[in-house]
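Each chain, written out:
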Amino acid sequence: MTTPYSNHWAPFRKLSSKCGSVSSPLRIGCHVSPIQACLKASDLSLHLETKANPLLDSIKWDDKGLAVAIAQNVDTGDVLMQGFVNREALLRTISSRKATFYSRSRSTLWTKGETSSNFINICDIFLDCDRDSIIYLGKPDGPTCHTGEQTCYYTSVNDVLNNPQVGESKLALTTLYSLERTISKRKEELTESTDAKPSWTKRLLLDDKLLCSKIREEADELCRTLEENEDQSRTASEMADVLYHAMVLLARRGVKVEDAIEILRHRFSQSGVEEKHSRKSKVN
């Protein structure tokens, strides 16, 4: 059974020049305000710039009128890339919902994906406490790095210092996604012939009944921490077990954690009525 989430997050609406209800991204963030009007695109652009000017004025641009902008994956938390923006680049990002930067070498604006089609679709924009750096929070359409890697950060300093001869790429991953990669590697190793005793993860991947029984067992133990008012650390421990075994099942099914997180994000942006209606539409 799916669970609806409150309409706390919603994507930017595109600018429209049609009469009627026009939604315009008039603030930094994913929340938008409807404008009941018949406006040309140029009028909307001017209205947006007028409203955004106070915020743009508050940013501490450097002596060249630039600030650092970091793109981050809204679902995985991956830091995708870093670039520089000026007022125009930031304003264009707000209006187009595509991550746009300023090229210092070419002295011009550029939108990530304009040649590769791997756009970064912006969900929200954040300013740091000093207002001298910016985060573009969005969903990439494909690999961000020009090398073909998912992000531009795939060189581990620890690996380079400890083993300079190894040139293997290693994406900067948070704990959850690092675990997912480890599980994925264990799945790949199943095709290799070996006399060694299989790891617990491999045993789970090879035995569907064992895997499903462990998920049910761990879920029950998690519920009992509530029913029996066990220590909070016990709840965290049992939740970790549920997560791990569920992630093995996802790997067994060829589903990424990011896919599940994305579904949560979409549900979180809908009201309960909208979410229930969307489920009925899929069934029909």
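Analysis parameters
Residue indices follow the written sequence of each chain, beginning from 1 at its first position. With pLDDT at 70 or above as the cut-off, local features in this predicted model cover only qualifying residues; side-chain atom pairs require 80 or more to be listed or tallied, and sums for whole chains, interfaces and linings still use all residues. The basis for every side-chain value is the complete set of heavy atoms in the structure, and neither hydrogens nor water enter the calculation. The helix count covers DSSP runs of H or I at least four residues long, the strand count covers runs of E at least two residues long, and both are numbered beginning at the N terminus. When a residue's accessible area, from a 1.4 Å probe over protein chains only, is under 20% of the maximum for its type it is buried; when over 50% it is exposed; and in between it is partly exposed. Two residues qualify as a contact provided that any one of their heavy atoms is within 4.5 Å of a heavy atom in the partner residue. Every accessible area reported is derived by Shrake-Rupley at a probe size of 1.4 Å, with residue values counting cover from the shown protein chains alone. What is meant by a nonpolar core is a set of buried Ala, Val, Leu, Ile, Met, Phe, Trp, Tyr and Cys residues, joined one to another through side-chain atoms within 4.5 Å. Classification of ring pairs rests on two measures: the distance between centres of Phe, Tyr or Trp rings, Trp counted by its six-membered ring, which must be within 6.5 Å, and the angle between planes, read as stacked under 30 degrees, edge-to-face over 60 and tilted in between. In this analysis the charged atom, NZ for Lys or CZ for Arg, is taken to sit over a ring once it is within 6 Å of the ring centre and within 35 degrees of the ring normal. A fitted line through C-alpha atoms serves as each axis, taken over the contacting stretch for helices, and the angle formed by two N-to-C directions is quoted from 0 to 180°. For classification purposes, angles smaller than 35 degrees are called roughly parallel, those larger than 145 roughly antiparallel, those between 65 and 115 roughly perpendicular, and all remaining angles oblique. Three residue categories are used. Nonpolar comprises Ala, Val, Leu, Ile, Met, Phe, Trp, Tyr, Cys and Pro, charged comprises Asp, Glu, Lys and Arg, and polar comprises the others, including Gly. Known as pLDDT, the predictor's confidence for each residue is given on a scale from 0 to 100. In short, DSSP must find at least two bridges between two strands for them to pair. Cavities and pockets are found on a 1 Å grid laid over the protein atoms alone: a cavity is a set of points where a 1.4 Å probe fits but cannot escape, a pocket is an open set with protein on both sides within 12 Å along at least five of seven lines, and a lining residue has an atom within 4 Å of such a point. Grid points are joined across faces, edges and corners, and a volume is the space filled by probe spheres set on the points. Here a polar contact is recorded for every N or O atom pair within 3.5 Å, except that within protein the pair must consist of a potential hydrogen donor and a potential acceptor, and residues adjacent in sequence are included only if both atoms are side-chain atoms. The working definition used for a salt bridge is a side-chain nitrogen of Lys or Arg within 4 Å of a carboxyl oxygen of Asp or Glu.

### A few points about the overall build of the chain
Along the backbone of the chain there are nine helices and eight strands. Here the chain holds 284 residues, and 32% of them are scored as buried. Residue pairs at least 24 apart in sequence account for 48% of intrachain contacts in the chain once pairs closer than 6 positions are excluded. Here the chain has roughly 17,700 Å² of accessible surface; of this, 52% comes from carbon and sulfur atoms.

### Focus on the nonpolar core
Counting 26 residues, the largest nonpolar core has V85, L90, I134 and Y136 as its most contacted members. Listing elements by their share of this core, those giving two or more residues are helix 1 (41–58), strand 3 (67–73), strand 4 (79–85), helix 2 (87–96), strand 5 (100–103), strand 7 (120–127) and strand 8 (133–140).

### A few points about the packing of aromatic side chains
Two numbers describe a pair of aromatic rings. These are the distance of the centres and the angle of the planes. One pass over the full model with this rule turns up two aromatic pairs. Members of the aromatic cluster, connected to one another through ring pairs, are F101, W110 and Y136. Above the face of the F119 ring, K98 is positioned so that its terminal group lies 5.0 Å from the ring centre.

### Quick look at the packing of helix 4 (residues 175–188) against helix 8 (residues 257–268)
When two helices pack together, their arrangement is captured by the angle between the axes and the distance separating the axes. Between helix 4 and helix 8, whose axes approach to 11 Å, the crossing angle comes to 140°. When the axis of helix 4 is compared with that of helix 8, the two are oblique. Only V257, E258 and I261 of helix 8 make contact with helix 4, whose side of the interface consists of L176, Y177 and E180. Tallied by class, the residues present in the contact of helix 4 with helix 8 amount to four nonpolar, no polar and two charged.

### Overview of the confidence of the model for the chain
Of all residues in the chain, 79% have pLDDT values of 70 or greater, and the mean over the chain is 84. Of the regions scoring below 50 in pLDDT, residues 1–39 engages in 100 contacts with residues more than four places distant in sequence or in other chains.

### A short note on the sheet that holds strand 7
Taken in spatial order, the four strands make up an open sheet running 4-3-8-7, and their pairing is mixed. Two strands in the sheet have a free side with no partner beyond their single neighbour: strand 4 and strand 7. Strand-to-strand twist of the sheet, defined as the mean angle between neighbouring strand axes without regard to direction, takes the value 25°. Judged from the six bridges that link them, strand 3 and strand 8 form a sheet pairing that is parallel. The residue bridging V68 from the neighbouring strand is S133, located in strand 8.

### Considering the layout of surface pockets
The space that makes up the largest pocket amounts to roughly 740 Å³. Residue lining of the largest pocket: 30 residues in total, with Q150, E180, R181, K256 and E258 positioned closest to the centre. It is helix 4 that contributes the most residues to the lining of the largest pocket, eight residues altogether. Residues belonging to the lining of the largest pocket are distributed by class as follows: ten nonpolar, nine polar and eleven charged.

### A closer look at the pairing of strand 5
By the alternation rule, side chains of strand 5 split into T100 and Y102 and F101 and S103, which are all buried. Relative to strand 6 (residues 108–111), strand 5 runs antiparallel, the two being bridged by four bridges. Counted as the bridge partner of S103 is T108 from strand 6. Taking the residues that link successive antiparallel strands as the turn, the strand 5-strand 6 hairpin has four residues, and the phi of S107 there is positive, at about 55°.

### Some words on the side chain of K202
Position of K202 relative to the elements: it lies in helix 5 (residues 200–206). Reaching out from K202, the side chain makes a polar contact with the side chain of E189 at a distance of 3.1 Å. Residues within four places of K202 in sequence aside, it is in contact with R186, E189 and L190.

### Concerning the pattern of salt bridges
Under the definition given, this model contains 16 salt bridges. Where R186 meets E189, a salt bridge forms, and the shortest distance between an N and an O atom there is 3.5 Å. You can call R186 partly exposed: its relative accessible area is 26%. The shortest N-O distance in the salt bridge between D220 and R224 comes to 3.3 Å. With D220 and R224 both in helix 6 (residues 208–227) and four residues apart, the pair spans about one turn of that helix. Its relative accessible area of 33% is what places R224 among the partly exposed residues.

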